[in-house]
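Fold and contact review
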Amino acid sequence: MYCTRCGVELREEDRFCWQCGTATRGDARPEPLSRPRALMLDKRNRKIAGVCAGFARYLDVDVTLVRILVLVFALATGVGFIAYLVAWILMPADTSVEPAASADMIRQTS
């Protein structure tokens, strides 16, 4: 028997793929993978630097809500602009996300 997701060979008594965790039977429930959350710049969903998108992903909330809160905080106190710049400098970039394909690459593959 082979995994339908990654193609790894499995034993008949296996309920989950040992490689990717996909359930191999209808009665099996996959256990949620616990990944440690890291506060990083989200380069894929960024508008300026990815600070708000990174905080939204870290807190698991809507990115629009975070952007509005940062804007209100920045306009109301003035400290928000400095905090945004400090976060931009100190937060590491998310290197696991591949950059989006450019328009030239899309045209070449079409």
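Residues numbered from 1 in each chain as written. Predicted model: local features only at pLDDT ≥ 70, side-chain atom pairs only at ≥ 80, totals over all residues. Heavy atoms only, no water.

**Things to note about a nonpolar patch on the surface**
For clarity, the threshold we go by: Here a patch means residues that are over 30% exposed by relative accessible area and free of salt bridges, tied together within 9 Å if like-charged and within 5 Å if nonpolar (Val, Leu, Ile, Met, Phe, Trp, Tyr). Residue burial considers only the protein chains on display, and all accessible areas are found by Shrake-Rupley using a 1.4 Å probe. By definition, a salt bridge exists where a carboxyl oxygen of Asp or Glu is found within 4 Å of a side-chain nitrogen of Lys or Arg. Segments assigned H or I by DSSP are reported as helices when at least four residues long, segments assigned E as strands when at least two residues long, and all are numbered from the N terminus. Accessible area is worked out with a 1.4 Å probe on protein chains only. A residue is then buried under 20% of its type maximum, exposed over 50%, and partly exposed in between.
On the surface, Ile 48, Ile 82, Leu 85, Val 86, Trp 88, Ile 89 and Leu 90 cluster together to form a nonpolar patch covering roughly 750 Å² of accessible area. Residue placement: Ile 82 occurs in helix H3 (residues 79–90). Owing to a relative accessible area of 55%, Ile 82 belongs among the exposed residues under this scheme.

**So, the nonpolar core**
Defined as follows: The term nonpolar core refers to a set of buried residues drawn from Ala, Val, Leu, Ile, Met, Phe, Trp, Tyr and Cys, joined through side-chain atoms within 4.5 Å. Only heavy atoms enter the contact rule, under which two residues are in contact if any of them lie within 4.5 Å.
Listed in full, the 9 residues of the largest apolar core are Leu 41, Ala 49, Val 51, Cys 52, Ala 56, Val 66, Tyr 84, Ala 87 and Met 91. Only helix H1 (51–59) and H3 provide two or more residues apiece to this core. Residue contributions to this core peak at 3 residues, all from H1. When neighbours within four sequence positions are excluded, Tyr 84 is seen to be in contact with Ile 48, Ala 49, Gly 50, Val 51, Cys 52 and Val 70.

**Some details on the packing of H1 against H3**
Applied cut-off: Interaxial angles span 0 to 180 degrees and are taken between N-to-C directions of axes, which are lines fitted to C-alpha atoms, for helices over the stretch in contact. Roughly parallel here means an angle under 35 degrees, roughly antiparallel means over 145, roughly perpendicular means 65 to 115, and every remaining angle is called oblique. Side-chain classes follow a simple rule in which Ala, Val, Leu, Ile, Met, Phe, Trp, Tyr, Cys and Pro form the nonpolar group, Asp, Glu, Lys and Arg form the charged group, and the remainder, Gly included, forms the polar group.
Contact geometry of H1 with H3 gives a least axis separation of 10 Å together with a crossing angle of 75 degrees. The orientation of H1 with respect to H3, classified from their angle, is roughly perpendicular. For the pair formed by H1 and H3, the contact residues are Val 51, Cys 52 and Phe 55 on the first element and Tyr 84, Ala 87 and Trp 88 on the second. Its residues assigned to classes, the contact of H1 with H3 comprises 6 nonpolar, no polar and no charged.

**Considering the packing of H1 against helix H2 (residues 63–77)**
When two helices pack together, their arrangement is given by the angle between the helix axes and by the axis-to-axis distance. Operational definition: The sense of a crossing depends on the near helix, which, turned anticlockwise from the far helix by less than a right angle, makes the crossing left-handed and, turned clockwise, makes it right-handed.
Between H1 and H2, the shortest axis-to-axis distance is 8 Å and the interhelical angle comes to 125 degrees. Judged by the inter-axis angle, H1 sits oblique to H2. Judged by the sense of rotation from one axis to the other, the crossing of H1 with H2 is right-handed. In this structure, H1 contributes Cys 52, Ala 53, Phe 55 and Ala 56 to the contact, and H2 contributes Val 63, Val 66, Arg 67 and Val 70. Its residues assigned to classes, the contact of H1 with H2 comprises 7 nonpolar, no polar and 1 charged.

**Overview of H3**
Short version of the rule: An expected span of 1.5 Å times one less than the residue number is assigned to each helix. The arc in question is the one spanned by the directions pointing from the helix axis to the C-beta atoms.
Counted at 1.5 Å a residue, the expected span for H3 with its 12 residues is 16 Å, and the 16 Å between its end C-alpha atoms agrees. Every buried residue belonging to H3 is among Gly 80, Tyr 84 and Ala 87, and all of these are buried. Down the axis of H3, the buried set is contained in an arc of 65 degrees. They therefore lie on one face. Projecting away from the buried face of H3 at angles above 90 degrees are the exposed residues Ile 82, Ile 89 and Leu 90. The inward-facing, buried residues of H3 contact H1 and H2.

**Description of the packing of aromatic side chains**
The condition that has to hold: The pairing test for Phe, Tyr and Trp rings, Trp by its six-membered ring, is centres within 6.5 Å, and the orientation test on the planes gives stacked under 30 degrees, edge-to-face over 60, and tilted for anything in between.
The full count for this structure, using the stated rule, is 1 aromatic pair. Pairing Tyr 84 with Trp 88 gives two aromatic rings, centres 6.4 Å apart and planes at 70 degrees, and the pair type is edge-to-face. Of the two residues, Tyr 84 and Trp 88 both sit in helix H3, 4 residues apart, roughly one turn of that helix. Look at Tyr 84 and you get buried, because its relative accessible area is 16%. Accessibility expressed as a relative area gives 36% for Trp 88, which makes it partly exposed.

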